[in-house]
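Coordinates in review
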Amino acid sequence: MPQSRAGGFLNLYEYMGKQIFSKFGIPVPEGYVIHGPEEVRSMDKDVVVKSQILIGGRGKAGGIKFASNIDEARAAASTLLGTKIRGYSVNTLLVEEKLSIAKEYYVSISLNRTERKPLVMASVAGGVEIESVDPKKIATRIIDPLTGYSDYVGRELTGQLGLVPEEASQFRNFLKRLYEVFEAEDCELVEINPLVVTSSGKMVAADAKVVIDTDSLFKHTEYNVTDPEKTTLELEAQGKGYSFVEMDGDIGVIANGAGLTMATLDALTLHRGKPRNFLDLGGTDSVDTVVNAFELVMKANPKVILVNIFGGVTKCDTVATGITTAKTRLSIGKPIVVRLSGVREVEGREILQKDGIQAFSQMMPAIEAVVKAAGVN
Amino acid sequence: MGAIVNKDTKVIVQGITGHQGKFHSGEMVKFGTRVVAGTSPGKGGTELNGIPIFNTVKETLPLGPDATMIAVAAPFVMDAALEAIDAGIPTVYILTEHVPFHDTMEILYHCKRKGITLIGPNGPGITAVGECKIGIMPNHIFRKGDVAVASRSGTLTYEIVDAITRSGMGESNVIGLGGDPVVGMTFIDALKLFEADPNTKKIVLVGEIGGINEELAAEYIKEHVKKKVVAYIAGRSAPPGKRMGHAGAIVEGGRGTAESKIKAFNEAGVKVADYPADIAILLE
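Residues numbered from 1 in each chain as written. Chains lettered and ligands numbered in written order. Predicted model: local features only at pLDDT ≥ 70, side-chain atom pairs only at ≥ 80, totals over all residues. Heavy atoms only, no water.

Turning to the overall build of chain A, a few remarks are in order. In terms of regular secondary structure, chain A is built from ten helices and 19 strands. Counting all 377 residues of chain A, 55% fall into the buried class. A total accessible area of about 15600 Å² is found for chain A, and carbon and sulfur atoms account for 48% of it. Across chain A, the centroid of the 43 positively charged side chains sits 3 Å from that of the 48 negatively charged ones. (Helix = DSSP H or I, 4+ residues; strand = E, 2+ residues; numbered from the N terminus. Buried < 20%, exposed > 50% of the residue type's maximum accessible area, 1.4 Å probe, protein only. Areas by Shrake-Rupley, 256 points an atom, 1.4 Å probe, with all protein chains shown as cover. Lys, Arg positive; Asp, Glu negative; His and termini not counted. Charge placed at Lys NZ, Arg CZ, Asp CG, Glu CD.)

The structure is reproduced here in structure tokens:
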């Protein structure tokens, strides 16, 4: 899988999360994955058929169905497969034993960016979005990376939650193994919601949310998931190594450095311009990198294009040559406004002026010029 | 004297024969940085632009390195950082982008345990203007002065430093904290250094969306910082849920917005510039 230069996090499907949980000894419901109704197996208990899509609230959105015999299960599978739920296609289903639910709890481990340490959250108010739970009902604990997870952390938390002894020992087992998953799989988040206590008193992970740091994928080559929230063009850009985000305006943007690119979009917006995209050229001294960036932006069909470069490693004359090359090769007739400052800026602006392209040395005049060219009054 | 590094700081570069290491060690030497050695496993005994190369960090210790720049590929950063930490190098700067944050958490823990300053990953480094540059900031943008800058981004920092320089002012220290969700040095760490630094009179913070470190910095400023502080926040037009180039630059569940950061700064008496170059106007 091509790695995005942007870095980021990868959401795994529920069934993948549960496969990982199983591997680490976390109890999950008996179940299997299907891609067609004919794959439904004969059954001796009620099942639940769950769409494998990466959105919250699948049940309410109609993505989960119950069945008490094979015909019902096949019918549910037929109904779900191929449909779209909130824009996401259902291609895979997880068929699982239906749990007899007595209680629903919550547990998660995530990165706490402020502490720069793992954060455990646990609650007896599971089955709903954790954001909607009264914070007083959530027990939290920052884990010291020196000690990692140890049972005393679990004892503190189960004590705070007021769990009865037989539940507390099972819950601690969940915590311990979940922390192992969090560490071993380089997770940004592992979440079980709900963590079901069955009517026979057994704890089972009824759902699984596992979010992996994409920067760790060199350690985890087995994960191959395409981010469903990325547009086709964003995926193409990712494959080519660009940080690229589509927006709904009409000013195409190419800049270098994530911070400067964001600042460019902000400045356009403050001038009532509407950016079509975020594209970070990165640090490059290659004409092709510039031409390929133009190719992506042109596919987004903007009205005008702004290039904002502060040269360092990225040389202004290289960028200028890239711009004129792209203009010819891609037959760009749309207005291009350029700001070049820094290493070899004079040479860069000369190259552009010869080709009749507006080139500025400072950012604000370029912003004003491109907004005007886009027809903003 | 710089707040962390100065003209006497002896620097080694881990991964000096790589693409980044080779180019930027040369630029650092041109800046005036005392680059005393480089490491590159298997290339010990050779040299690059007069800089001796060793196989291991341990072999560089007789030269008395005070700081290291780690410029190896992401999968090798953990090992390189542990090597530097084990050798007791007091300042560790990681240039590399795409270091898994679990690795950074572990590296950071080991640094704290040994009292080592960690800068980065995924930032442009640290510059004490006129004395020492460790990292990839362009040499030509600086002028010696009394403004200190701490920033979460690279190019945007250069843009702002350039604006300060063009306005006739100059810089004392410039620190790139890095664009990752987990980094070593934070705004508060930088504020402590700048507040104590006799060469710094004014402070610039360049933040962006994601996390709450700007909000925490604002709280810290209210209580502990007497020097003038101004700020810029990138990403006010960023769509929620989208990662804007930096792994750490994302608005999630309504948290980490530019509005929240600007509000926190304003409440701490820190003026926030609308455009990067306006920082120079706010400083006057």
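From this point, the narrative continues.
A few words on the environment of A:Glu96. All names here are of chain A. By secondary structure assignment, the location of Glu-96 is in strand E7 (residues 93-97). The residues touching Glu-96, leaving out its near neighbours within four places in the chain, are Glu-14, Lys-18, Pro-29, Glu-30, Gly-31, Asp-46, Val-47, Val-48, Lys-50 and Ala-206. Here the side chain of Glu-96 touches Lys-18 through a polar contact of 2.6 Å, side chain to side chain. (Contact = heavy atoms within 4.5 Å. Polar contact = N/O pair within 3.5 Å; in protein donor to acceptor, adjacent residues only side chain to side chain.)

Quick look at the pattern of salt bridges now. All names here are of chain A. Considering all chains together, one arrives at 33 salt bridges over all chains under this definition. Salt-bridge contacts for Asp-186 lead to Lys-219; the nearest nitrogen and oxygen are separated by 3.3 Å. With Asp-186 in the loop between helix H4 (165-184) and strand E11 (187-198) and Lys-219 in the loop between strand E13 (209-213) and helix H5 (232-239), this pair connects stretches of sequence that are 33 residues apart. A relative accessible area of 3% means that Asp-186 is categorised as buried. A relative accessible area of 35% means that Lys-219 is categorised as partly exposed. Bridged by salt links that share partners, the residues Glu-14, Lys-18, Lys-50, Arg-58, Glu-96 and Asp-207 form one connected network. (Salt bridge = Lys/Arg side-chain N within 4 Å of Asp/Glu carboxyl O.)

Right, let's get into the layout of surface pockets. In this structure, the second largest pocket encloses a volume near 960 Å³. The wall of the second largest pocket is formed by 41 residues, among which A:Gly282, A:Gly283, B:Gln20, B:Glu97 and B:Ile136 lie closest to the centre. In terms of residue count, helix H1 (residues 19-31) of chain B provides more of the lining of the second largest pocket than any other element does, four residues in total. A class-by-class count of the residues in the lining of the second largest pocket yields ten nonpolar, 25 polar and six charged. (1 Å grid on protein atoms, 1.4 Å probe; cavity = no way out; pocket = protein on both sides within 12 Å on 5 of 7 lines; lining within 4 Å. Points joined across faces, edges and corners; volume = space filled by probe spheres on them. Nonpolar A, V, L, I, M, F, W, Y, C, P; charged D, E, K, R; others polar.)

Our next topic: the interface of chain B and chain A. Facing the 56 residues of chain B at the interface are 55 residues of chain A. Taken over both partners, the interface formed by chain B and chain A buries close to 4400 Å², and the fraction arising from carbon and sulfur atoms is 62%. Taken together, chain B and chain A are joined by three salt bridges. Between B:Asp103 and A:Lys219 there is a salt bridge, with the nearest N and O atoms lying 2.7 Å from each other. Joining chain B to chain A, the criterion identifies 16 residue pairs in polar contact (both at pLDDT 80 or more). Of all the secondary structure elements, the ones that give two or more residues to the side of chain B that touches chain A are H1, helix H3 (101-113), helix H4 (155-166) and strand E13 (228-234) of chain B. Ranked by residue count, the leading element in the side of chain B that touches chain A is H3(B), at seven residues. For the side of chain B that touches chain A, a count of residues per class yields 29 nonpolar, 15 polar and twelve charged. (Buried area = accessible area lost by both parts, 1.4 Å probe.)

In this section: the domain arrangement of chain A. For an interface, size is often stated in terms of accessible area lost upon the parts coming together. For chain A, the domain assignment lists domain 1 (9-27 + 100-219), domain 2 (31-97) and domain 3 (232-373). Taking only C-alpha atoms, the centre of domain 1 of chain A and the centre of domain 3 of chain A are 44 Å apart. (Domains from an automatic or database assignment.)

As a further point, take the sheet that holds strand E3 (residues 47-48) of chain B. All names here are of chain B. Read across the open sheet, the seven strands follow the order E3-E4-E2-E1-E5-E6-E7; overall the sheet is mixed. Pairing within the sheet leaves two strands with one partner each, and these edge strands are E3 and strand E7 (117-119). Judged from the three bridges that link them, strand E6 (residues 91-94) and E7 form a sheet pairing that is parallel. Within E7, the residue paired with Thr-91 across the bridge is Thr-117. Packed on one face of the sheet, H1 meets strand E1 (10-14), strand E2 (34-39), E3, strand E4 (51-54) and strand E5 (67-70) and runs near 165° to E1. (Pairing = 2+ DSSP bridges. Axes fitted to C-alpha atoms, helices over the stretch in contact; angles between N-to-C directions.)

The next point concerns the sheet that holds E7(A). All names here are of chain A. Within the open sheet, the four strands sit side by side as E2-E7-E3-E4. Their pairing is antiparallel. The sheet is open, and its two edges are formed by strand E2 (31-34) and strand E4 (64-67), each paired on a single side. The sheet shows a mean angle of 20° between the axes of neighbouring strands, direction not considered. As judged from the four bridges shared by strand E3 (residues 47-51) and E4, these two strands associate in the antiparallel manner. The residue of E4 that forms the bridge with Val-48 is Phe-66. Where helix H1 (residues 14-23) meets the sheet, its contacts fall on E2, E3 and E7, and the angle it forms with E7 comes to roughly 50°. Contacting E2, E3, E4 and E7, helix H2 (residues 70-80) runs over the sheet at an angle of about 165° to E4.

A word on empty space enclosed by the protein. Following the criterion strictly, the structure yields two cavities of 30 Å³ or more and no others. Along the wall of the largest cavity there are 16 residues; nearest its centre are B:Arg152, B:Asp180, B:Pro181, B:Val183 and B:Asn213. By volume, the second largest cavity amounts to about 50 Å³. If you go around the second largest cavity, the residues you meet are A:Phe9, A:Asp213, A:Asp215, B:Val99, B:Pro100, B:Phe101, B:Thr104, B:Asp180, B:Pro181, B:Val182 and B:Ala247. In terms of residue class, the lining of the second largest cavity is built from seven nonpolar, one polar and three charged.

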